[in-house]
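Survey of secondary and tertiary structure
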Amino acid sequence: MKRLMLLGLLASGLVSAAPLNIVAAENFYGDVARQIGGEGVTVTSILSSPSQDPHLFEASPSTARAISGADIVVYSGIDYDPWMDKLLSASKNAKRRVLVVAALTGKKVGDNPHVWYDPATMPIYARALRTELIRRDPTHKGQYDANLKRFLAAMTTVSSKVASLRAKYAGTPVTASEPVFGYLSDALGFKMQNLRFQLSVMNEAEPSAVQTGAINDDLRSGKVKLFFYNTQVTDPLTEKLRSLAKQGGVSVVGVTETAPPGLTYVPWMLSQLKTIQAALAKK
Ligand SMILES: [Zn+2]
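This one's a predicted model, so the numbers in the text were calculated from it and none came from an experiment. (Residues numbered from 1 in each chain as written. Predicted model: local features only at pLDDT ≥ 70, side-chain atom pairs only at ≥ 80, totals over all residues. Heavy atoms only, no water.)

1. As for the domain arrangement of the protein
Domain annotation for the protein reports domain 1 (15-157) and domain 2 (162-281). Here the C-alpha centroids of domain 1 and domain 2 sit 27 Å apart. Between domain 1 and domain 2, the residue contacts involve 30 residues of the former and 26 residues of the latter. Where domain 1 abuts domain 2, roughly 2,200 Å² becomes buried across the two surfaces, and 64% of that area is made up of carbon and sulfur atoms. Our enumeration of links across domain 1 and domain 2 arrives at 0 salt bridges. Our enumeration of links across domain 1 and domain 2 arrives at 16 residue pairs in polar contact (both at pLDDT 80 or more). Put simply, the parts of the chain that give the side of domain 1 that touches domain 2 at least two residues each are helix H2 (27-37) and helix H7 (141-169). Looking at which element gives the most residues to the side of domain 1 that touches domain 2, the answer is H2, with 5 residues. Grouping the constituent residues of the side of domain 1 that touches domain 2 by class yields 16 nonpolar, 9 polar and 5 charged. (Domains from an automatic or database assignment. Contact = heavy atoms within 4.5 Å. Buried area = accessible area lost by both parts, 1.4 Å probe. Salt bridge = Lys/Arg side-chain N within 4 Å of Asp/Glu carboxyl O. Polar contact = N/O pair within 3.5 Å; in protein donor to acceptor, adjacent residues only side chain to side chain. Helix = DSSP H or I, 4+ residues; strand = E, 2+ residues; numbered from the N terminus. Nonpolar A, V, L, I, M, F, W, Y, C, P; charged D, E, K, R; others polar.)

Written out as structure tokens, the structure reads:
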């Protein structure tokens, strides 16, 4: 009887026989998809190399193939990964579901696109993904619910670390080579300087002399406590900032756009927070 029901559901398309195929533009979304989907999914992440500047990524034919065969596509949105919009419109598929994380969290074009650095983002994405997985594969609802619960519990270690650092260090002046760390810096209550300069670096544009002069001065004279250095978006200008930071006694905190190899989202965030804690403890 049960078997007949299952066959009926399979025929109606409500239950997928094979694992759901998820393609994530960035590896941290792919990682969370693996954690929520478990055995019910296979996951492909497109951006995962720590030596690559994601802002300059151009899709290859294999990326296009992966997307055309996906059941669920996840990407960040608001111009972080515009190649994704192009690939999706080039391969129409009525059954494919697309989760745009920036849209899920209410961000708009013009906002800082590095939305996964906001501690509030991943729980929202994880919940949306669970809903979508259950819609496609209701027989594994129990597993998806349990996986979501486990992930949300792990995320509380990040939020409590953020809260304890904020209690101690809110108001600390900091700066950065590029805005990747912006949301987490805001969550920590830091006073982020030189935002326009950072946006120019992100957009591969030439910062103005005034912007460059201001960040040079903040670093050289130690007016900020920390310098967040994006190790994935570098050029001679950002290299120079790093040496000015050393000159001014400003702690350099290396941060990345994509998750480093072997680190899932929560340990990745915790390791960055621990680096910050260690740097500030020395001040
Ligand atoms: Zn960036």
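So, next bit.
2. Digging into the packing of aromatic side chains
Tallied over the entire structure, the rule returns 14 aromatic pairs. Geometrically, the ring pair formed by Tyr 29 and Tyr 125 is edge-to-face, given 5.3 Å between the ring centres and 75° between the ring planes. Of this pair, Tyr 29 sits in helix H2 while Tyr 125 sits in helix H6 (residues 121-136), and the two are 96 residues apart along the sequence. On the basis of relative accessible area, Tyr 29 is assigned to the buried category, the value being 0%. Chaining the aromatic ring pairs together yields one cluster made of Phe 28, Tyr 29, Tyr 80, Trp 116, Tyr 117, Tyr 125, Phe 181, Phe 190, Phe 228, Tyr 265 and Trp 268. (Phe/Tyr/Trp six-rings, centres within 6.5 Å; stacked < 30°, edge-to-face > 60°. Buried < 20%, exposed > 50% of the residue type's maximum accessible area, 1.4 Å probe, protein only.)

3. Notes on the pattern of salt bridges
Per the stated rule, a full pass over the model turns up 9 salt bridges. Here Lys 107 ties to Asp 118 by a salt bridge, and the two come within 3.6 Å at their closest N and O atoms. Note that Lys 107 is positioned in the loop between helix H5 (101-104) and H6 and Asp 118 in the loop between H5 and H6, a separation of 11 residues in sequence. Relative accessible area serves as the criterion here: at 17%, Asp 118 is assigned to the buried category. Here Glu 239 ties to Arg 242 by a salt bridge, and the two come within 3.2 Å at their closest N and O atoms. With Glu 239 and Arg 242 both in helix H11 (residues 236-247) and 3 residues apart, the pair spans about one turn of that helix. What makes Glu 239 partly exposed here is its relative accessible area of 35%. With a relative accessible area of 29%, Arg 242 lands in the partly exposed category. What emerges from the salt-bridge pattern is a single network uniting Asp 71, Arg 97, Glu 132, Arg 135 and Arg 136.

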